[in-house]
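Chain residues, written in single-letter form:
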Amino acid sequence: MILDEIVAKKKIRLQERKAKFPLEQLKQQALKLQRKPLDFQYALRQEGLSIIAEVKKASPSKGVIRPDFDPQAIARAYLKAGVQAMSILTEEDFFQGSDEYFKQIRSFANTPLLRKDFIIDEYQIYEAYCMGADAILLIAAILDNTTMKRFYNITTTLGMHCLNEVHDQQELERVLKLGFPIVGINNRNLKTFEEKLETTGELRNSIPSDRVVVSESGIRTPEDIQMIAGYQVDGVLIGEAFMRNPNVTLAVEQLRGSQ
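Each value, and the rule that gives it
- Residues numbered from 1 in each chain as written.
- Predicted model: local features only at pLDDT ≥ 70, side-chain atom pairs only at ≥ 80, totals over all residues.
- Heavy atoms only, no water.
- Helix = DSSP H or I, 4+ residues; strand = E, 2+ residues; numbered from the N terminus.
- Rg over C-alpha atoms; globule rule 2.2 N^0.38 Å.
- Buried < 20%, exposed > 50% of the residue type's maximum accessible area, 1.4 Å probe, protein only.
- Contact = heavy atoms within 4.5 Å.
- Lys, Arg positive; Asp, Glu negative; His and termini not counted.
- Charge placed at Lys NZ, Arg CZ, Asp CG, Glu CD.
- Phe/Tyr/Trp six-rings, centres within 6.5 Å; stacked < 30°, edge-to-face > 60°.
- Lys NZ or Arg CZ within 6 Å of the ring centre and 35° of its normal.
- Core = buried A, V, L, I, M, F, W, Y, C linked by side-chain atoms within 4.5 Å.
- Polar contact = N/O pair within 3.5 Å; in protein donor to acceptor, adjacent residues only side chain to side chain.
- Disulfide = S-S within 2.5 Å.
- Pairing = 2+ DSSP bridges.
- Right-handed = clockwise from strand over helix to strand, strands pointing away.
- UniProt positions renumbered as here; feature names shortened; annotations may be inferred.
- Salt bridge = Lys/Arg side-chain N within 4 Å of Asp/Glu carboxyl O.

**Re the overall build of the chain**
Part 1 of the argument: Tallying secondary structure elements over the chain gives 12 helices and 10 strands in all.
Part 2 of the argument: Relative to the 2.2 N^0.38 estimate, which gives 18 Å for 259 residues, the radius of gyration of the chain is 17 Å and therefore close to what a compact globule would have.
Part 3 of the argument: Oriented by its inertia axes, the alpha-carbon framework of the chain measures out at about 50 × 40 × 35 Å.
Part 4 of the argument: For the chain, with 259 residues in total, the buried portion stands at 57%.
Part 5 of the argument: In the chain, once contacts between residues fewer than 6 apart in sequence are set aside, the share between residues at least 24 apart is 69%.
Part 6 of the argument: Treating the 34 positive side-chain charges of the chain as one cloud and the 35 negative ones as another, the clouds have centres 4 Å apart.

Here it is in structure tokens:
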């Protein structure tokens, strides 16, 4: 299964990083920064459907999505379009992401930034803080409850938010029981990579009204936006639809106009 391959490779990458720069040194670096992250949750609570626009070069299932990939130009186009937040891939091996892309965008972006990666170690949370992230992704499919709660506590202590991602009812029940305020519903099955927008509708009914809900994956057309908006979610995370359009700003405006 591709998810297992990604996690296995991530463990190797982390061993290499820790050998070069140990966790305690990273914690000290974070402590010295005293950075105040932007409010990712507040951005998602804005009126209408908030857009988390993704900076994404490739994916395991689709290969290279945007050959002429210029992360800074893409991010500036998103800012011009007035997106509420951005998601930036930092996973190197399967999504061709980079910490450097994130840092480059952070240097000028005035909107909340989500570090999109496969978080399996607290080391990555401190990394995210040091590179300027305002939020991280926690995937229920690869974390047990104890680990997920511990990662959430570390993240919030640093002033960041967590987008807690679920794919099915069982994962949703776990996340709700833990009391996490932001729930991401991924319409893509990480085992088969099949996309089904109805997943958002099926799971949304079980989520209390005080939680922030984000629909992720498979949202490409004005009709998709209208469908997702009908489920009464707070935001959408969109990457591929924007990455495949030569005019990123126009792509955002066209989808937003369909709400």
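**Looking at the environment of C162**
Part 1 of the argument: Relative to the elements of secondary structure, C162 occurs in strand β7 (residues 161-166).
Part 2 of the argument: In sequence terms C162 and F151 are 11 residues apart; their C-alpha atoms lie 9.0 Å from each other.

**Some words on the environment of E92**
Part 1 of the argument: If you trace the backbone, E92 turns up in the loop between β4 (85-89) and α5 (99-106).
Part 2 of the argument: Overall, the relative accessible area of 19% leaves E92 in the buried class.
Part 3 of the argument: Each residue touching E92, except ones within four places of it in the same chain, is listed here: K10, R13, R17 and G97.

**Focus: the packing of aromatic side chains**
Both the distance between ring centres and the angle between the ring planes are used here to describe each pair of aromatic rings.
Part 1 of the argument: For the structure shown, the criterion picks out 4 aromatic pairs.
Part 2 of the argument: Between R35 and the ring centre of Y129, over which it is positioned, the NZ or CZ distance is 4.6 Å.
Part 3 of the argument: Here R76 stacks its cationic end above the ring of F108, 3.7 Å away from the centre of that ring.

**Describing the nonpolar core**
Part 1 of the argument: Membership of the largest hydrophobic core comes to 68 residues, with the highest contact counts inside it found for Y78, L138 and F242.
Part 2 of the argument: A total of 7 residues in this core trace back to one element, the largest contributor, which is helix α6 (residues 122-131).
Part 3 of the argument: What F242 contacts, discounting residues up to four positions off in sequence, is I51, A53, R66, Y78, V248, A251, V252 and L255.

**Remarks on unusual backbone geometry**
Part 1 of the argument: Phi at Q34 takes a positive value of approximately 50°, unusual for a residue other than glycine.
Part 2 of the argument: With respect to the helices and strands, the residue Q34 is situated in the loop between α2 (23-33) and α3 (40-44).
Part 3 of the argument: Notably, Q232 is not glycine yet its phi reads approximately 60°, a positive angle.
Part 4 of the argument: Residue classification places Q232 among the exposed residues on the basis of a relative accessible area of 57%.

**Looking at the side chain of H167**
Part 1 of the argument: Topologically, H167 is positioned in the loop between β7 and α8 (169-178).
Part 2 of the argument: Of the polar contacts made by the side chain of H167, one reaches the side chain of E165; its length is 3.2 Å.
Part 3 of the argument: Excluding residues within four positions of it along the chain, H167 makes contact with I139, A141, N186, R188, L190, T199 and L203.

**Notes on the state of the cysteines**
Part 1 of the argument: Applying the stated criterion across every chain yields a total of 0 disulfides.
Part 2 of the argument: As a non-bridged cysteine, C130 has C162 as the owner of its nearest cysteine sulfur, 16 Å distant.
Part 3 of the argument: Residue class for C162 comes out buried when judged on its relative accessible area of 2%.

**With respect to the pairing of β4**
Part 1 of the argument: With 5 of its 5 residues buried, β4 lies for the most part within the structure.
Part 2 of the argument: In the sheet, strand β1 (residues 50-55) pairs with β4 via 4 bridges, with the strands oriented parallel. For V55, the partnering residue across the bridge sits in β4 and is I88.
Part 3 of the argument: Note: β4 against strand β5 (residues 113-116), 4 bridges, orientation parallel. Paired with S87 across the two strands is L114, which belongs to β5.
Part 4 of the argument: Traced from β4 through α5 to β5, the parallel crossover comes out right-handed.

**Here's the deal with the UniProt feature "domain: Indole-3-glycerol phosphate synthase" (unreviewed entry) in the chain**
Part 1 of the argument: Per the UniProt record, "domain: Indole-3-glycerol phosphate synthase" (unreviewed entry) is found at residues 3-255.
Part 2 of the argument: Annotated as residues 3-255, this span is 45% helix and 17% strand, and its ends, taken at the C-alpha atoms, are 30 Å apart.

**Notes on the pattern of salt bridges**
Part 1 of the argument: Scanning the model with the defined rule gives 26 salt bridges in all.
Part 2 of the argument: The closest approach of N and O atoms between D134 and R106, which form a salt bridge, is 2.6 Å. Taken together, the residues D134 in the loop between α6 and β6 (135-139) and R106 in helix α5 connect sequence positions 28 residues apart. Neither D134 nor R106 differs from the other in exposure class; each is buried.
Part 3 of the argument: Ionic pairing is found between R188 and E195, a salt bridge with its closest N-O pair at 2.5 Å.
Part 4 of the argument: Judged by its relative accessible area of 13%, R188 is buried.
Part 5 of the argument: Via salt bridges that share partners, K10, R17, E92, D99, R115, D117 and E127 belong to a single interconnected network.

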